[in-house]
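# Summary of structural features
Residue-level listing of the chains:
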Amino acid sequence: MFSFTTYYLDDKLVRGRVLDVFMPEKVTQKTALFFVHGGGWTNGSRDRYHEIMQAFGERGFICASTDYRLLPMTPGKRTAADQLADVRESYDAFVSILKEKNIVPEIAAFGSSAGAHLASLLVCALPGECGDKPALKNDWVRPVCGMVQSTPASFVPWPETYPAMWGMMECAAGGTYEEVPENYRRLSLENYIRKDNPPLFFMEAENEGLFPGHYNQVLLEKHLQWGIPSQMKVYQYAEHGFFYDLSRPIQREAFEDIFNFVKKING
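Everything numeric here is computed off the predicted structure, so don't read it as measured data.

About the criteria used
Residues numbered from 1 in each chain as written. Predicted model: local features only at pLDDT ≥ 70, side-chain atom pairs only at ≥ 80, totals over all residues. Heavy atoms only, no water. Helix = DSSP H or I, 4+ residues; strand = E, 2+ residues; numbered from the N terminus. Buried < 20%, exposed > 50% of the residue type's maximum accessible area, 1.4 Å probe, protein only. Areas by Shrake-Rupley, 256 points an atom, 1.4 Å probe, with all protein chains shown as cover. Lys, Arg positive; Asp, Glu negative; His and termini not counted. Charge placed at Lys NZ, Arg CZ, Asp CG, Glu CD. Contact = heavy atoms within 4.5 Å. Pairing = 2+ DSSP bridges. Axes fitted to C-alpha atoms, helices over the stretch in contact; angles between N-to-C directions. Core = buried A, V, L, I, M, F, W, Y, C linked by side-chain atoms within 4.5 Å. Salt bridge = Lys/Arg side-chain N within 4 Å of Asp/Glu carboxyl O. Left-handed = near helix turned anticlockwise from the far one by under 90°. Nonpolar A, V, L, I, M, F, W, Y, C, P; charged D, E, K, R; others polar.

## A word on the overall build of the protein
Within the protein, the regular secondary structure consists of seven helices and eight strands. Expressed along its principal axes, the backbone C-alpha trace of the protein runs to roughly 50 × 45 × 35 Å. Counting across all 267 residues of the protein, residues that qualify as buried make up 55%. Looking at the protein as shown, the accessible area adds up to about 11,300 Å², and 51% of this sits on carbon and sulfur atoms. One finds the centroid of the 27 positive side-chain charges in the protein at a distance of 4 Å from the centroid of its 33 negative side-chain charges.

## Some points on the environment of F4
Relative to the assigned elements, F4 resides in strand β1 (residues 2–8). Residue F4 is classed as partly exposed on the basis of its relative accessible area, which comes to 41%. Each C-alpha atom, one on F4 and one on F22, is 4.7 Å from the other, the two residues being 18 residues apart in sequence. Not counting residues within four places of it along the chain, the set of residues in contact with F4 comprises D20, V21, F22 and H50.

## Points about the sheet that holds β1
A sheet is described by the order of its strands in space; here eight strands give the open sequence β1-β2-β4-β3-β5-β6-β7-β8, paired in mixed fashion. Looking at strand neighbours, the two that pair on one side only are β1 and β8 (231–239), the edges of this open sheet. Pairwise comparison of adjacent strand axes, ignoring direction, gives a mean angle of 20° for this sheet. By the bridge criterion, five bridges tie strand β5 (residues 107–112) to strand β6 (residues 145–149) in an arrangement that is parallel.

## Some remarks on the nonpolar core
V21, F34, W41, F94, I107 and M169 are the most contacted members of the largest nonpolar core, which totals 53 residues. In terms of residue count, helix α2 (residues 80–100) provides more of this core than any other element does, nine residues in total. Among the nonpolar cores identified, the runner-up in size contains 30 residues, and I52, C145, F201 and F261 belong to it.

## Topic: the pattern of salt bridges
Between side chains of opposite charge, a pair can form when the charged atoms approach closely. Per the counting criterion, the structure on display carries 15 salt bridges. Where E129 meets R194, a salt bridge forms, and the shortest distance between an N and an O atom there is 2.8 Å. In this pair, E129 sits in the loop between α3 (114–124) and β6 while R194 sits in the loop between α5 (181–186) and β7 (200–207), placing the two residues 65 residues apart along the sequence. Judged by its relative accessible area of 29%, E129 falls in the partly exposed class. With relative accessibility at 25%, the residue R194 sits in the partly exposed group. For D257, the salt bridge identified is with K233, shortest N-O distance 2.8 Å. You can see D257 sitting in helix α7 (residues 249–266) and its partner K233 sitting in strand β8, a full 24 residues away along the chain. Among the residues examined, K233 registers a relative accessible area of 27% and is labelled partly exposed.

## Thoughts on the environment of L210
Assignment of secondary structure puts L210 in the loop between β7 and α6 (213–225). Note: C-alpha distance between L210 and W166 (44 residues apart in sequence) is 9.2 Å. Apart from the residues within four sequence positions on either side, L210 is in contact with W158, Y162, M165 and H240.

## A few points about the packing of α2 against α3
When two helices pack together, their arrangement is given by the angle between the helix axes and by the axis-to-axis distance. One can describe the packing of α2 onto α3 by two numbers: an axis separation of 10 Å at closest approach and a directional angle of 65°. Our pair here, α2 against α3, has a crossing hand that is right-handed. Taken together, the residues of α3 that come into contact with α2 (itself represented by A80, Q83, L84, V87, R88 and Y91) are H117, L118, L121 and L122. Residues belonging to the contact of α2 with α3 are distributed by class as follows: seven nonpolar, two polar and one charged.

All quantities given are derived from atomic positions and should not be read as evidence of function.
This is the structure in structure tokens:
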């Protein structure tokens, strides 16, 4: 058994600034899990992870899944930096919830696709570094590790850029690369790969068509050179953004891999 609670970040409700928390009746895991959905920065919802959260809850994990304000299909004033601020504030609210329950806030972050982009920056970049301006109520509590599936290593154009996805990335950056190149650099994970990073688990799909995994291999190798126990796994026959439920064997395999990675990193 577990309780399910929805928390809004604002007194006057703002669409997207909300998180769901699954609290098992008996918490047996020291690490809580924080999920960030994908959807090309323009769509998606936190409820896509409810089934997975319930499964982790059955193993004693406290879980939270966040929304963030979605972007319009054309570049506007709001960017992925604003979405990252939403995610940081939601994460910060989760920290407060854990503290109120006298639980040490040791949190692992997971994201897929655009959610992996935001989750990886949550883990590796400090508040404000990416152009985000979050209003935090706690001192920053860095995630203990991150699990990221179908992650863009860089926002700067690369040779295999998929045209349809590039249009979404322009929305996320707030303009074309020629117009706002600094936004693309600030939103690039590769610029925040440092010796003090928490470990990352790069979960790559064999049939990935949007964000080639070999770029993340370069980031992984830097971590390993510094002694950070990050890892990477390529899932056979899997496609971009494959981990949203547990109906297929490959999804259940990914579930067990996340469980084992978190236990390895944080007990």
